[in-house]
Amino acid sequence: MRTMQQTEASSWRPVQFLGNKLRVLDEVSKVVIRDREPGATVWDAFCGSTVVSQRLASQGMRVLATDKLVCSVTFARAMLSIGRGERADDLDALRAIGSLRMPADYELWAPYVEAEEVALTRGSAEDAIAVSRAVPLRWREASMSPAFRSVFDEVDRASMDGVHRPFASMTSTYAGTYFGVKQAIELDRLVGEVMRLFAHGKIQRWQADAGLTAVASAASAAVFSAGKHFAQPINANQQLTPFQARRLLQDRKIDVSELFLDALNQIEQSAERSGTHNAFELEAEHLSSDLLIEHDVSTVYADPPYTAQQYSRFYHVLDTLTLGVPANLQRKNGQITKGLYPVERFKSAFCSRRAAPIAFRNLAENAYDASARLVISYSESAPGSTGNSRSISLEELLQTVSGVYGACNVDVTTLDIRYRQFNQSSAAYASREDPEVLVVAEHR
Ligand SMILES: C[S@@+](CC[C@H](N)C(=O)[O-])C[C@H]1O[C@@H](n2cnc3c(N)ncnc32)[C@H](O)[C@@H]1O
């Protein structure tokens, strides 16, 4: 079954992304570019899925896209055609790697791949989960053949030393949890091939970024988790509910290579060709007015997180995949975490009740000192909603921004949408009406 990511007039969302602005692109872009000359520079400081950056670029703005997630920056580089040369303009070299069959060097996993295929063909979730429980993993305490042990030792060493793309890095860590065994092997093979082509000079940087974005897109569609992110895989040791059993079969049947090819087509069609854009990894806490002035930024668009839920928790697997260094897994009391989190996870100031007011004040001061307009997205929990509480209230945010720009220069626009919010208690998505607003501060 195919699961394509969403497109909204000129923006393609490469992966499922919490809080993405696909539904409010018109409203956001209208406010961000109001009265701006074509070619003026906009900083999308929390670019996430990059749909806002793409829309702004398509409307003639020069875009700087930054985020703390490596995967988001990779998506931005692909979708804004950064480094897309005239010599290396297409993705044909990548299409050729999309359709190979099971790679010979993964022979060690063949019995598990076969058993998984039989289970999926029979439609037996129980048998598929039995494969998930049995497949050797580098973090699982179990007896295993010396051949598996030696692969896992190598991946463990690479994770400690920060070595790029050792053999079977995804498979040895996530097979049977977030992904099926065959899917994990496919992810490893595709990433390995993209990087091999790049290392041998057969493709340029933009094509490599497009290839990695396409692999991440396939991984996002295939993951078996509540909400299609990587906060926690469904527990293979528990009895699955009938709903989970159906979802397991549906997700595990997703053909990673087919989705990789679909994503390449989307990237080729949708990547913005005009303008000269830029994207790099940046903690918004380190954004300075000097940097804004150096890049001639006229508007800063900020769409940070507002709850204690860190994005590094939801998207660590996509970061590991695009970065290419296997995760050094975090352990608590000798046990790895349920979500298979890496040791070092970024903790954003914007997620903390204590740190967020200061972080917003610094952001506003830097934008003001660079004579830039500041546009901040904010989504409030509806009264009586059980949604996660906010790191800063709208009132506090308005006070903070007004304290810098002057109250008469700050406006609030309410956007008319239905917002879908992650509901922690049910570990599922609950649709609710959460007012989404834009705080707009003008430098006059
Ligand atoms: C609400 S999402 C942005 C969604 C985005 N506008 C879109 O439409 O897809 C918040 C983003 O902020 C990033 N982020 C959180 N804290 C950050 C920080 N301190 N510095 C840079 N990026 C941060 C997260 O990685 C995430 O991508």
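Numbers given for residues are sequential positions, taken from 1 along each chain in its written order. In keeping with the model being predicted, local features are shown solely for residues with a pLDDT of at least 70 and side-chain atom pairs are shown and tallied solely at 80 or more, while totals for entire chains, interfaces and linings include all residues. For the side-chain quantities, the full set of heavy atoms in the structure was used; hydrogens and water were omitted.

Draft legend 1. Structural detail: the site of the ligand. In these notes, residues near a molecule or strand are those with any non-hydrogen atom within 4 Å of it. Surveying the vicinity of the ligand reveals 23 residues, the closest of which are Ser49, Asp67, Glu285, Asp303 and Ser348. In the analysis that follows, any N or O atom pair within 3.5 Å is treated as a polar contact, provided that within protein one partner can donate a hydrogen and the other can accept it, and provided that, for residues neighboring in sequence, both atoms belong to side chains. Measuring from an oxygen atom of the ligand, one finds a side-chain N or O atom of aspartate 67 at 2.7 Å. With respect to the ligand, the side chain of glutamate 285 contributes an N or O atom lying 2.6 Å from a nitrogen atom. Method for areas: the Shrake-Rupley scheme with a 1.4 Å probe, in which residue coverage is limited to the protein chains shown. Protein coverage of the free-state accessible area of the ligand, which is 600 Å², stands at 98%. Here the shell around the ligand is composed, by residue class, of 12 nonpolar, 5 polar and 6 charged. By the convention adopted, Pro, Cys, Tyr, Trp, Phe, Met, Ile, Leu, Val and Ala count as nonpolar, Lys, Arg, Asp and Glu as charged, and the other residues, Gly among them, as polar.

Draft legend 2. Spotlight on helix H3 (residues 70–79). Buried, partly exposed and exposed residues are distinguished by accessible area as a fraction of the type maximum, computed with a 1.4 Å probe on protein chains only: under 20%, between the cut-offs, and over 50%, respectively. Strands here mean DSSP runs of E at least two residues long; helices mean DSSP runs of H or I at least four residues long; both are numbered from the N terminus. Taking burial as the measure, the 10 residues of H3 include 9 buried ones, the bulk of the element. When we look at burial in H3, the residues that qualify are Val70, Cys71, Ser72, Val73, Thr74, Phe75, Ala76, Ala78 and Met79.

Draft legend 3. Expanded view of the nonpolar core. The definition of a nonpolar core used throughout is a set of buried Ala, Val, Leu, Ile, Met, Phe, Trp, Tyr and Cys residues joined through side-chain atoms within 4.5 Å. By size, the foremost hydrophobic cluster in this structure holds 72 residues, and its most contacted members are Leu94, Trp109, Phe179 and Ile267. Only H3, helix H7 (146–161), helix H9 (181–199), helix H10 (205–222), helix H12 (256–270) and helix H15 (316–323) provide two or more residues apiece to this core. The element contributing the most residues to this core is H10, with 11 residues. Formed jointly, this core draws a minimum of three residues from each of two domains, domain 1 (7–84 + 271–310 + 346–441) and domain 2 (92–258). By definition in these notes, contact holds between two residues if any of their heavy atoms fall within 4.5 Å. When residues no more than four places from it in sequence are discounted, the contact partners of isoleucine 267 are Trp12, Ala78, Met79, Leu91, Trp206, Ala210, Thr213 and Ala214. In this structure, Ala302, Ala359, Leu374 and Val437 belong to the second largest nonpolar core, which totals 37 residues. Throughout the structure description, domain borders are defined by an automatic or database domain assignment.

Draft legend 4. Quick peek at the environment of lysine 228. Here lysine 228 shows up in the loop between H10 and helix H11 (242–252). Its relative accessible area of 11% is what places lysine 228 among the buried residues. With 50 residues separating them in the primary sequence, lysine 228 and tyrosine 178 have C-alpha atoms 9.4 Å apart. Dropping the residues within four chain positions of it, lysine 228 is found in contact with Gln16, Ser220, Ala221, Ala222, Val223, Arg247, Asp251 and Ile254.

Draft legend 5. Just the sheet that holds strand E4 (residues 62–67), in detail. Pairing between two strands requires that DSSP report at least two bridges joining them. Here 7 strands make up an open sheet; going across it, the order is E5-E4-E3-E6-E9-E13-E10 and the pairing mixed. Of all the strands in the sheet, just strand E5 (278–281) and strand E10 (410–415) have a single pairing partner and so form its edges. On average, adjacent strands in this sheet sit at an angle of 15° to one another, irrespective of strand direction. Under this scheme, a helix contributes an axis fitted over its contacting stretch, all axes are lines through C-alpha atoms, and angles between N-to-C directions fall in the 0 to 180 degree range. The sheet strands contacting H3 are E4 and E5, and the helix crosses E5 at an angle near 170°.

Draft legend 6. Quick look at the pairing of E4. Where burial is concerned, most of E4 is hidden: 5 out of the 6 residues are buried. Strand direction decides the pairing type here: strand E3 (residues 41–44) and E4, joined by 4 bridges, are parallel. Following the sheet pairing, threonine 41 is matched in E4 by arginine 62.

Draft legend 7. The domain arrangement of the protein, seen in detail. Once the domains are mapped, the protein shows domain 1 (7–84 + 271–310 + 346–441) and domain 2 (92–258). Put simply, the middle of domain 1 and the middle of domain 2, counted by C-alpha atoms, are 32 Å apart. Contact with domain 1, which involves 17 residues of that partner, is made by 13 residues of domain 2. A pair is scored as a salt bridge if a Lys or Arg side-chain nitrogen falls within 4 Å of a carboxyl oxygen belonging to Asp or Glu. Connecting domain 1 to domain 2 are 1 salt bridge. Salt-bridge contacts for aspartate 209 lead to arginine 77; the nearest nitrogen and oxygen are separated by 3.0 Å. Taken together, the connections running from domain 1 to domain 2 amount to 4 residue pairs in polar contact (both at pLDDT 80 or more). Among the elements that take part in the side of domain 1 that touches domain 2, H3 stands out by supplying 4 residues, more than any other. The class makeup of the residues in the side of domain 1 that touches domain 2 is 11 nonpolar, 4 polar and 2 charged.

Draft legend 8. Structural context of the pattern of salt bridges. Going through the model one piece at a time under the given rule, you end up with 21 salt bridges. Between arginine 196 and glutamate 193 there is a salt bridge, with the nearest N and O atoms lying 2.9 Å from each other. Separated by 3 residues within a single helix, arginine 196 and glutamate 193 lie in helix H9, roughly one turn from each other. Note on arginine 196: relative accessible area 38%, which makes it partly exposed.

Draft legend 9. Just the environment of threonine 74, in detail. Here threonine 74 is to be found in helix H3. Considering only alpha carbons, one finds threonine 74 and threonine 50, 24 residues apart in sequence, at a separation of 9.8 Å. The residues touching threonine 74, leaving out its near neighbours within four places in the chain, are Asp209, Leu212, Thr213 and Thr322. Polar contacts involving the side chain of threonine 74 include one to the main-chain carbonyl oxygen of valine 70, which spans 2.9 Å.

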